[in-house]
Amino acid sequence: MKKIFFILFASLSLISCSNDDDFSQKNSSNAPQSKTANKLSSGVNVKLYKAWTSYSQKYGYAQYTRRFQVEVRNLAYDKKVVIMHEMADGTWKDFPLSYISSTSDNTEIWGTDVLLSNSFYVGDTPSLLFGDEFVARYEVNGAQYWDNNNSANYKMGDLNGTFLRTDLNVSVDTFYSYIYNNYYNGATNTFAVHADVRNLNPTKEVKVVYTTDNWATSKVASLNYTQYLTVGAAQSLISPNVFGMERWFVNIDVPSSINSIEYAVVYKVNGVEYWDNNFGKNFIAIKK
């Protein structure tokens, strides 16, 4: 099992590319590799990994989006992981999570996307469905384990965008990363990559390492900082957000024959490299 890739990295072997000599050299497999530096603390069985909030409105309809990922220690095969979320009327509701991936540290990532809509024009008061607070609950072996943010609960507004755990400094947003037809010239596709990074220093680099031939060859492209991300007809996220997360992106032209791309993202800041490669599996973008 490869090790989780959202990490601080001291000795990395990575693909070399002719247009980017600042990054590491080729390894035997040509694919991004890393070592695990961040683990659940001893005695901790559940921890929020990352979360996302947004809402949009159009023609009097509002849509609320919540995305959650939680890391749990694999204590048994049968388990239940939920986000318990405050609703606007003060009640609390369970949102079950589904298994996403395993790590080499005997932990698992579970997650869910929650989309709720209503038919009221919300104007400047969007919190008609969700409250701001939530916690994570893990049920296994007849016991319950909680992550309630050290008894403070987690709090996210309606349009906050990305929250990352304190030891997670870069995260690919797969919802906005994909391949699509470039209808302007008809000869290329566009490979869109979006990532969130923790604003550790104004001077930073964010790059994507990608391949279209199973790492026989590879390329590196720089992502660009963006202050705004449109999430609906009248709504945009602003970066850095209230949690100090910045949104970075790049659109890359690739041949129209390309239908899938394997990739990872590197964040270089303060002389340190942080990576996200989907828990050692790398990400795969599929043509839409």
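One can find the structure itself at the top, above this paragraph.
Just so it is clear, the structure is predicted and the values come from calculations on it, not from any experiment.

S.K.: Help me get a handle on unusual backbone geometry, residues and values and all.
M.R.: With an omega dihedral of -5 degrees, the bond running from Ser239 to Pro240 counts as a cis peptide bond. Mapped onto the secondary structure, Pro240 falls in the loop between β19 (236-238) and β20 (245-255). The phi dihedral of Ser151 falls on the positive side, at around 70 degrees, and the residue is not glycine. Topologically, Ser151 is positioned in the loop between β9 (143-147) and β10 (154-155). Here Asn214, not a glycine, exhibits a phi torsion of approximately 60 degrees, which is positive. When you line up the elements, Asn214 lands in the loop between β15 (204-211) and β16 (219-222). Asn214 sits in the exposed class, given a relative accessible area of 64%.

S.K.: Tell me what's going on with the side chain of Arg137, and back it up with residues and numbers.
M.R.: Position of Arg137 among the secondary structure elements: in strand β8 (residues 130-140). Among the polar contacts listed, one links the side chain of Arg137 to the side chain of Glu139, at a separation of 2.8 Å. Excluding residues within four positions of it along the chain, Arg137 makes contact with Lys80, Val81, Val82, Met84, Asp94, Gln144, Tyr145 and Trp146.

The rules behind the values
Residues numbered from 1 in each chain as written. Predicted model: local features only at pLDDT ≥ 70, side-chain atom pairs only at ≥ 80, totals over all residues. Heavy atoms only, no water. Helix = DSSP H or I, 4+ residues; strand = E, 2+ residues; numbered from the N terminus. Buried < 20%, exposed > 50% of the residue type's maximum accessible area, 1.4 Å probe, protein only. Polar contact = N/O pair within 3.5 Å; in protein donor to acceptor, adjacent residues only side chain to side chain. Contact = heavy atoms within 4.5 Å.

Everything listed here is a matter of geometry and, on its own, says nothing about what the molecule does.
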